[in-house]
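The chain contents come next:
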Amino acid sequence: MKIQFYIRFQTQYGEKLFVSGDVEELGSNDATKALPLEYLNSEFWTGTINVKKKDFSKGVSYRYILQGEDGSQTIETCRERQVDFYKKETESIQLVDTWNYAGDFENAFYTTPFKNVLLNTSIPKVRKQDDKIFSHVFKVKAPLLKKNEVLCLIGSDEKLSEWSTKKPLLLSKYSTWWMIKLDLSNAGFPIAYKYGVFDTKEKLFIRFEEGNNRFLYTDSGKKKLTIVHDGFVHLPNNTWKGAGVAIPVFSLRSNNSFGVGEFSDIQLLVDWCVKSGLKLIQLLPVNDTITDNTWKDSYPYSAISAFALHPIYTSVKKVAGKDFASQLSVLKKKQKQLNELKAVDYEEVLKLKLSILRELYLVMGEECLASEDFIIFFDANKQWLETYAAFSYLRDKHGTAEFGKWKTNSVYKKSSIARLLSPKSVASYEIRFYYFIQFHLHLQLKEASDYAHKKGIILKGDIPIGISRNSCDAWESPEMYNMEWQAGAPPDDFAAVGQNWGFPTYNWEKMHEDGFSWWHRRFEQMNNYFDAFRIDHILGFFRIWSIPVDEVQGILGRFVPCIPVHINEFGEKGIWFDYQRYCRPYITDVMLEDVFGEDAEKVKTDFLIENKFECYDLAPAFETQRQVEEHFSKEELTQENEKLKLGLFDLISNVILLEEEDSNGMKFHFRIGMDKTVSFENLMPPVRDKLKELYINYFYQRQEVCWRSEAMNKLPQLKAATNMLVCGEDLGMVPACVPDVMAQLGILSLEIQRMPKKSDKEFFHPNDAPYLSVITPSTHDMSTVRAWWLEDTERTQRFYNNEMGQWGNAPQQCEAWISRAIVMQHLYSPAMWSVFQLQDFLGMSEKLRRENPQAERINNPANPNHYWQYRMHISLEDLIKEKEFNEELKDYVTNSGR
């Protein structure tokens, strides 16, 4: 069987095309063994293979690959290219294909949420118009046809009705393709044609597709078959829009929960979404974060497992069921007490739930873990579940997840853990307790997900940019992470000294060796429950803000990867390089007086050493922020000591350059915000100007090609590993290449009204949102609309006049009508999704809104020790009963076209 490939694609200089498939001749889906194509003309690339008919019995699946001049590869988005063996006598198949550009809007409608839930509508039944004997097969996609609509084919040949719309050829739907088989053996080539839309109920031709005519240039013989993959029909592709609500699971409040939201509460939230016209529920990460059983474990982005779910979200009532409900009867008073709290008491709730689960495990664990359902679950999740359970057991045994402090098993050894997991091990019973918990969490989250789908609602999860350095992932595979670095973010409006998340950064080179299998497994796990996901800090896939493990504040980090400044560049710019002046903290008497006031002498005596430059160096015991922090952790926690600690942090960060490790003093990186340091201000003006010029080049010019290449070596492969809808959180210091890369890959961006991405704009107007985006007035890391209204009255006034188009003075408080107007702005945005925090929805009602808007905030990024404990102030059951409010919200959503 001869197969000829023709792919329409206009390449740039240095680019090459390949085709990969599931037969040996196409590399058996190994991209490194894909068939290289040859340039034919400005429109086509081509290639030919010969396949034995016996190997072709089930057809051939294939995809095209674009290789850039830099060697990076982009695999086309299309997942359904299939060559079927249509005719026994066929000896040659000619494939005429259209490249599937990942950035095409239509691709979003073939992702999991749309295929399975949002666009899962019945197809009109039409009589097949396929010819029994055929020479050509036409295949095309059209995701947004309306009820009773089908595609039709009309063209220049007599067989195609000679452009007459009275008797168009109707296509039939096969999986994701609309298709028709025609005998064009007597046609006159080339043939011009177009697809159109036909109403089967009214028996009426509605319209042609947009754009120029399509052309088919080659004919087929008796033993030759031509299959035309025409990509997407050219119809409006940005007409579908949806709205959703964002809230963490722990923030949900129901009458049946134990002081915290549970997976079972999601079903009540689904019921409210149905009444309110919403289609999406966006959640924060739900992975286990238990490190030392304190409130600090409430931080949902510091998971001890990228796969395990958090025990705190277990509904113990569902675990107990009817058979063991009596086990919970004595806890009704405690449940009521916890449920009446305004915020989550993380420590008390977790302690209570784990205690109840242990009691239930004692009476029902053996039977549960012997069930067929559990065995299926265990076999599917064994790879991560065993490691996680052993880790959790050892954490409990040693009283901490900091495995470096464990007396035994501090270094993961597969053989040692295998003995620990053995049924004969004394630890087996305790380890299997975590199997028991994870199994029930799986059942409960899967039940909530299935319930949402039945109601037409999708769930959107959240993938954190990192994992805890005290996680079972880092314990089992430390080589996958750069443990000497900490991930974070540079200074911004949220945090003046940057953010240090504490996570080790990823060793991408190591992860690439096995094709990012850890990420593939992570996506597969999420796909069990979620339809879409948000990549937390997607900028980290371009470059990650990396802070040495010896430092505390994000301000002393740098981007990795990053092209450094070579020492010769300073001379080329006419800058005399002074290592002591640029790379060491610049500490003078004047600065000490400004920072410490009357404590300046104490600081000189206890923490500094005078140097030969009539300035000061930090004493060896206090050269890093971590050393300073450890010193003050042993001191009494007073306001004075806190001031001293932060002041010393400022001294340590008062540098201009950071030397690259192992560069022998030859390569350097600028400290972020160098131009705002006292050290910089005390340089001569000409030196300042030259350094600033180099600084701008370093941060905003020289890195773009490097960062684009870095992202394109990772994101296309990761996106191809899942069919979930992928959204990126692209906030912060955004490289210029990010929007284009995300658009190329069809990854939805995040747009926030008060965080414009253009530096010359104070606000971002929802009307300017790109279609492939999620727009929101606030996120969990920000104050809600009502609280933001009070933060800066001058800025609020400008927003009121310029963005809302209102005259006069802005009201002091964000009144209900203002919240409503802001919600409406976002609903009418062209963005595919408008998502709102629940608090911002409730702000539209004077009756339902919380009394104190400051109590609505979920997280404050400026505080590394923030307690994540926000809860709804009314129950979901009561919210569902608010008929007037729900109907009003549904009208707003529906009338906006969402």
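Just so it is clear, the structure is predicted and the values come from calculations on it, not from any experiment. Every residue gets a number counted from 1 within its own chain, in the order that chain's sequence is written. Given that the model is predicted, a residue must reach a pLDDT of at least 70 before its local features are reported, and side-chain atom pairs must reach 80 or more before they are shown or counted; all residues, however, enter totals for whole chains, interfaces and linings. By convention in this description, side-chain values take in all heavy atoms of the structure and omit both hydrogens and water.

Chemist: Outline the overall build of the protein chain, supporting the account with residue identities and numerical values.
Modeler: The helix and strand inventory of the protein chain stands at 28 helices and 37 strands. As a reference, a globule follows 2.2 Å times the number of residues to the power 0.38, and the radius of gyration itself is taken over C-alpha atoms. For the protein chain, whose C-alpha radius of gyration is 31 Å, the value lies close to the compact-globule estimate of 29 Å for 898 residues. Viewed in the frame of its principal axes, the protein chain has a C-alpha envelope of about 100 × 80 × 75 Å. Think of it in three bands: with a 1.4 Å probe and only protein chains considered, a residue is buried below 20% of the maximum accessible area for its type, exposed above 50%, and partly exposed in between. Among the 898 residues that make up the protein chain, the fraction classed as buried is 57%. Note on contacts: a residue pair is in contact if any heavy atoms of the two residues lie within 4.5 Å. Sequence-distant contacts, at least 24 apart, represent 73% of the contacts inside the protein chain between residues at least 6 apart. Here the protein chain contributes 109 positively and 124 negatively charged side chains, and the mean placements of these two sets differ by 8 Å. Helix numbering and strand numbering both begin at the N terminus, where a helix is a DSSP run of H or I of at least 4 residues and a strand a DSSP run of E of at least 2. Residues scored as positive are Lys and Arg, those scored as negative are Asp and Glu, and His as well as the terminal groups of each chain are ignored. Charged groups are reduced to one reference atom each: NZ for lysine, CZ for arginine, CG for aspartic acid, CD for glutamic acid.

Chemist: Which residues make up the nonpolar core, and what values do they have?
Modeler: If you look at the biggest cluster of nonpolar residues, it comprises 188 residues, and the most contacted ones within it are I266, W272, F436, W519 and F670. Of all the elements, helix α5 (residues 346-369) adds the most residues to this core, at 12 residues. Ignoring any residue separated from it by four or fewer positions in sequence, one finds F436 in contact with V319, L357, L360, Y361, M364, G365, C368 and L369. With 30 residues, the next largest nonpolar core counts F138, V150, I154 and Y195 among its residues. Within this scheme, the nonpolar core is defined by two criteria: the residues are buried Ala, Val, Leu, Ile, Met, Phe, Trp, Tyr or Cys, and they are joined through side-chain atoms within 4.5 Å.

Chemist: Before we move on, could you go through unusual backbone geometry and cite the residues and values that matter?
Modeler: If a residue is not glycine, its phi is most likely negative; likewise, a peptide bond is most likely trans. Residue P190 follows F189 across a cis peptide bond; omega there is 0 degrees. Omega for the peptide link from V560 to P561 comes to 0 degrees, which places this bond in the cis form. Along the polypeptide, P561 turns up in the loop between β28 (558-560) and β29 (565-566). For N29, which is not a glycine, the phi torsion comes out positive at approximately 65 degrees. For N29, the position within the fold is in the loop between β2 (16-21) and β3 (35-36). The phi dihedral of E162 is positive, around 45 degrees, even though this residue is not glycine. Tracing the backbone shows E162 in the loop between β11 (149-155) and β12 (169-170).

Chemist: Break down a nonpolar patch on the surface for me, with residues and values.
Modeler: Grouping into patches uses exposed residues only, defined as over 30% relative accessible area, and leaves out salt-bridged ones; the cut-off is 9 Å for like charges and 5 Å for nonpolar side chains (Val, Leu, Ile, Met, Phe, Trp, Tyr). Working definition of accessibility: Shrake-Rupley area with a 1.4 Å probe, residue cover restricted to the visible protein chains. Note on definitions: salt bridges are taken to be side-chain nitrogens of Lys or Arg within 4 Å of carboxyl oxygens of Asp or Glu. A contiguous nonpolar surface patch, about 310 Å² in accessible area, is contributed by L362, V363 and Y429. Among the structural elements, Y429 can be located in helix α8 (residues 428-454). The exposure class of Y429 is partly exposed, given its relative accessible area of 41%.

Chemist: A description of the packing of helix α2 (residues 266-276) against helix α28 (residues 883-895) should follow, citing residues and the corresponding values.
Modeler: Packing of α2 against α28 brings their axes to within 7 Å, and their N-to-C directions diverge by 60 degrees. What the angle tells us is that α2 and α28 run oblique. Residues W272, V274, K275 and S276 of α2 form the contact with α28, whose participating residues are F885, N886, L889, K890 and V893. Under the grouping applied here, Gly and all other residues not named as nonpolar or charged are polar, the nonpolar ones being Ala, Val, Leu, Ile, Met, Phe, Trp, Tyr, Cys and Pro and the charged ones Asp, Glu, Lys and Arg. Classifying every residue of the contact of α2 with α28 gives 5 nonpolar, 2 polar and 2 charged. In this description, a line fitted to the C-alpha atoms serves as the axis of each element, helices being fitted only across the stretch in contact, and the angle between N-to-C directions of two axes falls anywhere from 0 to 180 degrees. Every angle not falling under 35 degrees, over 145, or within 65 to 115 is termed oblique; those three ranges are roughly parallel, roughly antiparallel and roughly perpendicular.

Chemist: So what about the packing of aromatic side chains? Which residues, and what values?
Modeler: Any two rings among Phe, Tyr and Trp, with Trp reduced to its six-membered ring, count as a pair given centres within 6.5 Å; such a pair is stacked if its planes are under 30 degrees apart, edge-to-face if over 60, and tilted if neither. Considering all chains together, one arrives at 79 aromatic pairs under this definition. Centroid distance W272 to F841: 6.2 Å. Interplanar angle 65 degrees. Geometry classified as edge-to-face. Here W272 is found in helix α2, whereas its partner F841 is found in helix α26 (residues 838-842), with 569 residues between them in sequence. Side by side, W272 and F841 carry an identical accessibility label, which is buried.

Chemist: Outline the side chain of D462, listing residues and values.
Modeler: Following the sequence through the fold, D462 ends up in strand β21 (residues 458-463). Note on D462: relative accessible area 5%, which makes it buried. Here a polar contact is recorded for every N or O atom pair within 3.5 Å, except that within protein the pair must consist of a potential hydrogen donor and a potential acceptor, and residues adjacent in sequence are included only if both atoms are side-chain atoms. There is a polar contact of 2.7 Å between the side chain of D462 and the side chain of Y301. When residues no more than four places from it in sequence are discounted, the contact partners of D462 are L283, L284, P285, Y301, M526, R534 and D536.

Chemist: Any chance you could break down the environment of E623 for me, citing the residues and the numbers?
Modeler: Along the polypeptide, E623 turns up in the loop between β31 (616-618) and α16 (625-633). E623 has contacts with R584, L618 and I652, leaving out every residue within four places of it along the chain.

Chemist: Quick one: what's the story with α5, residue by residue and with numbers?
Modeler: One turn of the α-helix equals 3.6 residues, which is why residues spaced by three or four share an orientation. A helix's residues, less one, multiplied by 1.5 Å, set its expected span. With 24 residues, α5 should reach 34 Å at 1.5 Å per residue; the first-to-last C-alpha distance of 28 Å falls well below that figure. Working definition for bend: take the seven residues up to and ending at a residue and the seven starting at it, fit an axis to each, and measure the angle between the axes. Of all bends in α5, the biggest is about 60 degrees, found at V363.

Chemist: So what's going on with the pattern of salt bridges? Residues and values would help.
Modeler: One side chain can pair with another of opposite charge once the charged atoms of both are near each other. Counted under the stated rule, the structure contains 42 salt bridges. Here R8 makes a salt bridge to D230, at a shortest N to O gap of 3.8 Å. On the criterion of sequence distance, the pair formed by R8 in strand β1 (residues 2-8) and D230 in strand β18 (residues 224-232) is long-range, its members being 222 residues apart. Look at R8 and you get buried, because its relative accessible area is 18%. We classify D230 as buried; its relative accessible area is 2%. For R81, the salt bridge identified is with D97, shortest N-O distance 3.7 Å. Linking R81 in the loop between β7 (73-75) and β8 (82-83) with D97 in strand β9 (residues 92-98), this pair joins segments that are 16 residues apart in sequence. Accessibility classification places R81 together with D97 in one group, the buried group.

Chemist: Describe the pairing of strand β5 (residues 44-50), and please don't skip the residues or the numbers.
Modeler: Of all 7 residues that make up β5, 5 are buried, and the element is covered over most of its length. Strands are treated as partners if at least two bridges between them are detected by DSSP. Note: β1 against β5, 7 bridges, orientation antiparallel. Directly across from I7, in β5, lies its bridge partner W45. The turn joining strand β4 (residues 38-39) and β5, which pair antiparallel and follow one another in sequence, is formed by 4 residues.

Chemist: Quick rundown of helix α22 (residues 738-745)? Include the residues and the values.
Modeler: Turning to α22, its buried residues number three or more, namely V738, V741, M742 and L745. In a view along the axis of α22, the buried residues occupy a sector of 95 degrees, so they form one face of it. Packed against the buried residues of α22 are α20 (704-712), α21 (715-720), β34 (725-728) and β35 (749-752). Among the residues trailing α22, G746 stands out with phi positive, at a value near 70 degrees. As used here, the arc is the angular range of directions from the helix axis to the C-beta atoms.

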